[in-house]
Amino acid sequence: MDTALKRPGLLTSTGTTYCCSVVESRNGEAKLLDGTSPPLKHETTEEDLESNYFKSTQWTPDGTSLLTSSCDNTIRTFILPPDLLSPTSPLSTLAPYTTHLHPTSINCLTPYPAFDLSDPTTTLYLSTPTDLPIRLSNALSPVSVPISNYNLISPTTETYYTPSSLLWSPQSPGTFLAGTDCLIALFDVSRNGEGPVTRMPTIPSKRHKMKGGGVGMRGLVSALSLQPGVGETSMLAAGTWTRWIGLYDASGVGGTVAQWSVAEAADKHAGIGGMGVSQTMWSSCGRYLYVVERKSMGVLVYDVRGAGKMLCWLEGRSAETNQRLGVDCFEAEGGMEIWAGGMDGVVGVWEGVGMTEGACERSWEWKAHDDPVTSTVVHSSGTVVATCSGQRSTPDLIGSDTSSDSGSESGGEGESDTDESSASDQSDLDEETDGSETSSRASPLPKATSKSLDNSIRVWSL
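Peer 1: Can you help me understand helix H1 (residues 22–34) in this one?
Peer 2: Since the α-helix packs 3.6 residues into each turn, any two residues three or four apart lie on the same face. The end-to-end C-alpha separation of H1 is 18 Å, in line with the 18 Å expected for 13 residues at 1.5 Å each. Within H1, burial applies to Val-22, Val-23, Ser-25, Asn-27 and Glu-29. On its buried face, H1 sits against helix H2 (46–49), strand S4 (74–79) and strand S5 (98–101).

Below is the structure:
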């Protein structure tokens, strides 16, 4: 089919509001919201000079809003206009309805599964600021004070674990799962200020120098997803930065079904590479498991009826970076589709995933951004897709001269191995090498750049 016929049309975007440093974007945002522009601070920190890129975006379950996480430790709620798809609707600039500033960098974010914009009691989300309790907040609240906090503390060091993954339990909306170092923890939202009701280690013991003596799945649990449509017997898929996948029955609170490493399949068989599982997803039928890795040129597809056996892989995903680039799946008339953005700003679409074995090339693509596409999310209606973009860098602000040598270790995403610019994700990498408790070491200032930044959200019609 002619790919030109499938090119999405731009409906709305944030424009250039955030295509600058943190401090400048906050001034631009204030001017957009109330018409005033606060004066630029006389003293700026290194964090203020960084590019205010979008780490991720997600549709709320009711499809009315987008929740985003940004480099400035802020979660924003963008409510889409109801006439978005109207032919007479003008191309307007998206502005956030609320902005919730967190005290530290945000590792992960997930909206409440019963989120309904018409019922403010349900407009909730979970977030995990680094080295602090998990927070439950209301997306419509004008202030960023959380409703509840949930503690995930190391029993040996009494320091906070920062979860690398979060997942609400569909079978029990009052509970959620959090993945961290060799552990999946189950929380009850009604227990404010308390710890998990159940701890499910992914290895038998952490005391052995081999971490469980080679049994189980070691490493930070960086991805969680639940098999759809099979009730209480659904399996939980967990992925780690050490490139392992684990399947657990009874929605994650039961026993271990299977565990395997994806390293050999990705490196030797598929040849797409990878440096740790960043996302797991299920097909709508619950038969296929999609595994997404950092520093990978594709996506692995497994048929869970043969645990550990790869069915096929998707090629052509430009994602050779430690930055998380979010992927989405959608059930279309022709079968399952995978939507994924890359470092080149191009979003690729693979159609009919799971119908053939071996390598699968993308069906069509379009240029969505001028910087890495950090998230691609398809609306549940299948008529709209949202993307966000950006990467860690330091714009040349007000004549300041930033040394490029300071970014040699974790500079711009296009040149070196960097993460989401969060201290917690740096600790993720440290965790995999020395097995120590999660820490929050500050990462070096990234490289300065003089090129135009594309830190934006764009909503497209299909």
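So, next bit.
Peer 1: Looking at this structure, how should I read the nonpolar core?
Peer 2: Within soluble globular proteins, side chains that are nonpolar generally end up buried alongside one another. Membership of the largest hydrophobic core comes to 21 residues, with the highest contact counts inside it found for Leu-247, Trp-260, Val-262, Leu-289, Val-291, Leu-300 and Tyr-302. Among residues more than four places away in sequence, those in contact with Leu-247 are Met-235, Leu-236, Ala-237, Gly-255, Thr-256, Val-257, Ala-258, Trp-260, Trp-282, Leu-289 and Val-304. Counting residues in hydrophobic clusters, the runner-up holds 17 residues, among them Tyr-288, Val-292, Met-336 and Ala-340.

Peer 1: Mind showing me how you'd approach the packing of aromatic side chains here?
Peer 2: Each aromatic ring pair is specified by the distance between its two centres and by the angle formed by the two planes. The full count for this structure, using the stated rule, is 11 aromatic pairs. On the basis of an interplanar angle of 5° and a centroid distance of 5.0 Å, the ring pair of Phe-176 and Phe-187 is categorised as stacked. One end of the pair, Phe-176, is in strand S11 (residues 175–180); the other, Phe-187, is in strand S12 (residues 183–188), with 11 residues separating them in the sequence. Across the pair, exposure class does not vary: Phe-176 and Phe-187 are buried alike.

Peer 1: What should I look at first to understand the sheet that holds strand S18 (residues 277–282) in this one?
Peer 2: By way of backbone hydrogen bonds, the strands of a sheet pair with one another, either parallel or antiparallel. Strand order across the open sheet formed by 5 strands is S18-S19-S20-S21-S25, with mixed pairing between neighbours. Strands with a single pairing partner mark the edges of an open sheet, and in this sheet they are S18 and strand S25 (358–361). Taken over all neighbouring pairs, the strand axes of this sheet differ in orientation by 25° on average, direction set aside. With 5 bridges joining them, strand S19 (residues 288–293) and strand S20 (residues 296–303) adopt antiparallel strand pairing.

Peer 1: Would you mind going over the sheet that holds strand S16 (residues 244–248) with me for this structure?
Peer 2: With antiparallel pairing, the 4 strands of this open sheet are ordered in space as S14-S15-S16-S17. Taken across any chain shown, the strands that pair with only one partner, and hence form the sheet edges, are strand S14 (221–226) and strand S17 (256–261). Each adjacent strand pair in this sheet contributes to an overall mean axis angle of 15°, direction not counted.

Peer 1: I keep staring at helix H3 (residues 263–270) and nothing clicks. Help me out?
Peer 2: Every buried residue of H3 is listed here: Ala-265, Ala-266 and Ala-270. Down the axis, H3 shows its buried residues gathered within 95° of arc, on one side only. Following H3 by one or two positions, Gly-271 has its phi on the positive side, about 70°.

Peer 1: I keep staring at the pairing of S4 and nothing clicks. Help me out?
Peer 2: Side-chain positions along a regular strand alternate between the two faces of the sheet. The buried count for S4 comes to 5 of 6 residues, which makes it a mostly enclosed element. Pairing between strand S3 (residues 65–70) and S4: 5 bridges, direction antiparallel. Within the sheet, the bridge partner assigned to Thr-68 lies in S4 and is Arg-76. Linking S3 to S4, which pair antiparallel, is a turn of 3 residues; within it Asn-73 sits at a positive phi near 60°. The sheet contact formed by S4 and S5 spans 4 bridges and is antiparallel. Bridging from a neighbouring strand, Ile-75 pairs with His-100 of S5.

Peer 1: When you look at the pattern of salt bridges in this model, what are you seeing that I'm missing?
Peer 2: For side chains of opposite charge, pairing can occur when their charged atoms come near one another. Summed over the entire model, instances satisfying the criterion amount to 10 salt bridges. For the salt bridge of Glu-365 with Arg-362, the shortest nitrogen-to-oxygen distance reads 2.7 Å. With relative accessibility at 26%, the residue Arg-362 sits in the partly exposed group. One network of salt bridges, with partners in common, ties together Arg-26, Glu-29, Asp-72 and Arg-76.

Peer 1: So what exactly am I meant to see when it comes to the environment of Leu-166 here?
Peer 2: Position of Leu-166 relative to the elements: it lies in strand S10 (residues 165–168). With 32 residues separating them in the primary sequence, Leu-166 and Ile-134 have C-alpha atoms 9.8 Å apart. Every residue in contact with Leu-166, bar those within four places of it in the chain, is listed here: Cys-108, Thr-110, Leu-126, Ser-127, Thr-128, Phe-176, Leu-177 and Ala-178.

Peer 1: Looking at this structure, I do not really get the environment of Thr-242. What am I missing?
Peer 2: Tracing the backbone through its elements, the reader meets Thr-242 in the loop between strand S15 (236–240) and S16. Expressed as a C-alpha distance, the spacing of Thr-242 and Val-277, which sit 35 residues apart in the sequence, is 7.5 Å. At 2.6 Å, the side chain of Thr-242 and the backbone oxygen of Arg-218 are in polar contact.

Rules used in this analysis
Residues numbered from 1 in each chain as written. Predicted model: local features only at pLDDT ≥ 70, side-chain atom pairs only at ≥ 80, totals over all residues. Heavy atoms only, no water. Helix = DSSP H or I, 4+ residues; strand = E, 2+ residues; numbered from the N terminus. Expected span 1.5 Å × (residues − 1). Buried < 20%, exposed > 50% of the residue type's maximum accessible area, 1.4 Å probe, protein only. Contact = heavy atoms within 4.5 Å. Core = buried A, V, L, I, M, F, W, Y, C linked by side-chain atoms within 4.5 Å. Phe/Tyr/Trp six-rings, centres within 6.5 Å; stacked < 30°, edge-to-face > 60°. Pairing = 2+ DSSP bridges. Axes fitted to C-alpha atoms, helices over the stretch in contact; angles between N-to-C directions. Arc of directions from axis to C-beta. Salt bridge = Lys/Arg side-chain N within 4 Å of Asp/Glu carboxyl O. Polar contact = N/O pair within 3.5 Å; in protein donor to acceptor, adjacent residues only side chain to side chain.

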